[in-house]
Structure formats: C-alpha cells, structure tokens
Amino acid sequence: MAKKKKSLILLAILCTTLVGLILLYFLMPQRKDEESGTEEAESITVDKIDNTLISSLVIEKEGKEIYSVRKKEDTWQFPEDKEVPLNHDTISGLFGCLDPVKASREIHLAEDQDLTQYGLDDPVMTITVETEDGKSYQYKLGTVVPITGGYYGLAASDDRVYCFDEEMYSTFDIEKNSLIQMEELPEINASHITYLKVENKEGDDFEAALGEDRKNWSIVRPYTKTVKEGDSQWDMVREYFTSLSYDSLAEYKSDQLEKYGLEDPSSVISIKYYEKKDGAESSGDSVSGNAAGEIAELDREYKSLKLCIGKSCEEGYYVCEKGSLNVYIMSEDAVANMTGVDKYGLK
C-alpha cells in the first residue's frame, strides 16, 4: 500500500512539473535558441509596404518569370502587352499580405551557414515589388517549414531567414490569365427571350421561337410542338440560357482556336432577346397588352448572343462568343443544360 502511495505522489509531481513547463512555454513572449539562432514570437514585421504606392510586381517561380505588372497613370498593364485589359481589383487584392510583410519566426544566420537546408539557394518563388517613392523589396521563398507549415524565406533588406505564412506563397501562385479582365455575358431575363437555337454536331438540334401572339412558343426542331405560356417545364429550360457566366479565361486573343475545338465547335447556341433601351422609362401598358413590369415595344432594344462550345477540359468546356478570339472556360453543368434541351421532357 505504501509503495502504491509513493507511486501516486511521484506521478502527481511529474504531472505538476509538466503543466508548469507547458505554461512556461506558452507564456514566454519570445524565446531564443542559442545554438540555432532562432527567435520565436507571435508575429515579426519584416517590412511595411504602403499598398497605395506599389508601382510594379514581378513573380518568378524556379528562376522563370511567371507574370509581371506595372502601373502607369493609375492603370495596371502587362509591360510586354500594354493593350491587354487587366482586372485592377484582382491585382490590388494581391497586395494584402504585403501591408505589412509578417513572419512567424526569424533565424539569424552564421557567416558560413549554407542556405541549401532552407531551399533558398534555388527558391521556389521570388517576389519583387517596387513603389512610387523609389523603394524596392524582394522576397525569396524556399522549402516548406516542417510541422507548422509556411515557407522559409529571405528578405532583401537583411540577412536573416524568416518563416513566412503559406499565404505569402499561395497569394501570388496564380495564372497570368487570372489577372486579365474577363468579358461578362449579359444577364438575360427569361421572359425577354424571343428565340433559341442549339446546333449540335452530335445529338439533336433544338430550335424554338416566340409566337406572333408573344405568349406561346413554337418548337420546330427536333420535333414540332407548341408550348403554352406558363408551362413550368419550358420556364425551367429558358432559365438555363439566362444567368450565363465564364468561370475563367483560357487564352486572350488566341490564334489557335482549333486547339480548343472552337474552329469547328461541337455546339453553337443562339439566343435572341431584348432589353430596355438606355434612358427609356419602365412601362406596363395594359392598353397595348403589356403585363405589369413588361417593357413596351418602343422601349425595347433587341439583341442576340451566339456562343460556340469547344472541347471539354478538366474544369468544364472551352467556349467563346462567335467572332471572338478570347477563349473561356464554362462549367460542365451550364453547357450540358443548354446543349441537352430536348432531354427535359418537352415532347
């Protein structure tokens, strides 16, 4: 019994000691390891960069430039192609992790210490920033920091190795195309569509037009049928042609549309619709037969949209507007809904 009691006392002492060590570890604001030269703190400010003054950004990966942008008179440009429209909000969003530049740890290097162990002899990414006041900043990112994550890195302003957050890498690890301003497809009101045609290389074509009564629809392909106003199935189908959007840009002004299957598209989708003319007052004229909230004939501007569908890819399908050289990616579901209209029980 005495032996068991001594064991319990010893266990209690060990537990108390362990708790004390844990509290000491977490309550110490900063700790320096004399052998490794490593300092740990809650956050270390490496540089303070005023985002509003940034005038250029260059991103390199494994020694190769991935993209660079430069500001000229409040307009961001690719230095090699100034005519390409860039998305200013996207570019400005990149600078969030630079104001300020922070690290979780810093390591003071010995004079003869090799950077190879941190992957900084051949960095995976180099970030170079210039500002309007003539200052220049550069950060090199090496290997992933074990356990805690993030990347070992160097700042041009000193000779210390830092542990940068993973965000420092992931923020700038993007495709060059993602900086380009994408075209927007029109937001079409389903009740303002007047004509639909889907031409498929494989499978049935589909074609339908709003009747002269401007209420019922006449389907002429792949079967003949009149669809009455208020048909819930037809209302659902028309919705597939309304809120169209591109997911991403595949290539700006491509000279190789055949590479994307768009020289001879697998499907061509034609939509005719109308919108309210600029400056026209909204009108609901019961005398002329317009429903409440409808657009009077004189206030309508008729438009059309023709989309070409190319090859499938991992993210969906390559698409472009007829006559355009800008190739985008659209989701598989959006394309399938439009090209498979005859599968929705309209017969």
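For clarity, every value in this text was computed on a predicted model and none was experimentally measured.

Considering the pairing of strand 3 (residues 54-61)
And step 1. One ladder, built from six bridges, connects strand 3 with strand 7 (residues 125-131); its direction is antiparallel. Residue pairing in the sheet places Ile54 in a bridge with Thr131 of strand 7.
And step 2. Pairing geometry for strand 3 and strand 4 (residues 64-72), over six bridges, is antiparallel. Counted as the bridge partner of Ile59 is Tyr67 from strand 4.
And step 3. Hairpin connection, strand 3 to strand 4: the antiparallel pair is bridged by two residues, and Glu62 has positive phi, about 50 degrees.

A word on the pattern of salt bridges
As a working rule, side chains carrying opposite charge can pair if their charged atoms are close by.
And step 1. Tallied over the entire structure, the rule returns 12 salt bridges.
And step 2. Glu106 is paired through a salt bridge with Arg160; the nearest N and O atoms lie 3.3 Å apart. Taken together, the residues Glu106 in strand 6 (residues 101-108) and Arg160 in strand 10 (residues 160-164) connect sequence positions 54 residues apart.
And step 3. Under the relative-accessibility criterion, Glu106 is labelled buried at 7%.
And step 4. We classify Arg160 as partly exposed; its relative accessible area is 24%.
And step 5. For the salt bridge of Asp205 with Arg221, the shortest nitrogen-to-oxygen distance reads 3.4 Å. With Asp205 in the loop between strand 11 (193-200) and strand 12 (206-210) and Arg221 in strand 13 (residues 217-221), this residue pair connects regions lying 16 residues apart in the sequence.

Section: a negative patch on the surface
And step 1. A cluster of acidic residues, Asp50, Glu73, Asp74, Asp99, Glu132 and Asp133, forms a negative patch on the protein surface.
And step 2. With respect to the helices and strands, the residue Asp133 is situated in the loop between strand 7 and strand 8 (136-144).

Structural notes on the packing of aromatic side chains
And step 1. This structure, assessed with the given rule, holds 10 aromatic pairs.
And step 2. Between Trp76 and Phe95, the aromatic rings sit 5.8 Å apart at their centres with planes inclined by 50 degrees, giving tilted as the arrangement. Residue Trp76 is located in strand 5 (residues 75-77), and its partner Phe95 is located in the loop between helix 2 (88-93) and strand 6; the two are separated by 19 residues in the primary sequence. No difference in accessibility class separates Trp76 from Phe95, as the two residues are buried.
And step 3. Here Tyr162 and Phe164 contribute two aromatic rings whose centre-to-centre distance is 5.8 Å and whose plane-to-plane angle is 40 degrees, an arrangement assigned as tilted.

Cut-offs and rules
- Residues numbered from 1 in each chain as written.
- Predicted model: local features only at pLDDT ≥ 70, side-chain atom pairs only at ≥ 80, totals over all residues.
- Heavy atoms only, no water.
- Pairing = 2+ DSSP bridges.
- Helix = DSSP H or I, 4+ residues; strand = E, 2+ residues; numbered from the N terminus.
- Salt bridge = Lys/Arg side-chain N within 4 Å of Asp/Glu carboxyl O.
- Buried < 20%, exposed > 50% of the residue type's maximum accessible area, 1.4 Å probe, protein only.
- Patch = residues over 30% accessible without salt bridge, like charges linked within 9 Å, V, L, I, M, F, W, Y side chains within 5 Å.
- Areas by Shrake-Rupley, 256 points an atom, 1.4 Å probe, with all protein chains shown as cover.
- Lys, Arg positive; Asp, Glu negative; His and termini not counted.
- Charge placed at Lys NZ, Arg CZ, Asp CG, Glu CD.
- Phe/Tyr/Trp six-rings, centres within 6.5 Å; stacked < 30°, edge-to-face > 60°.

Read these as layout, nothing more, since geometry by itself doesn't imply function.
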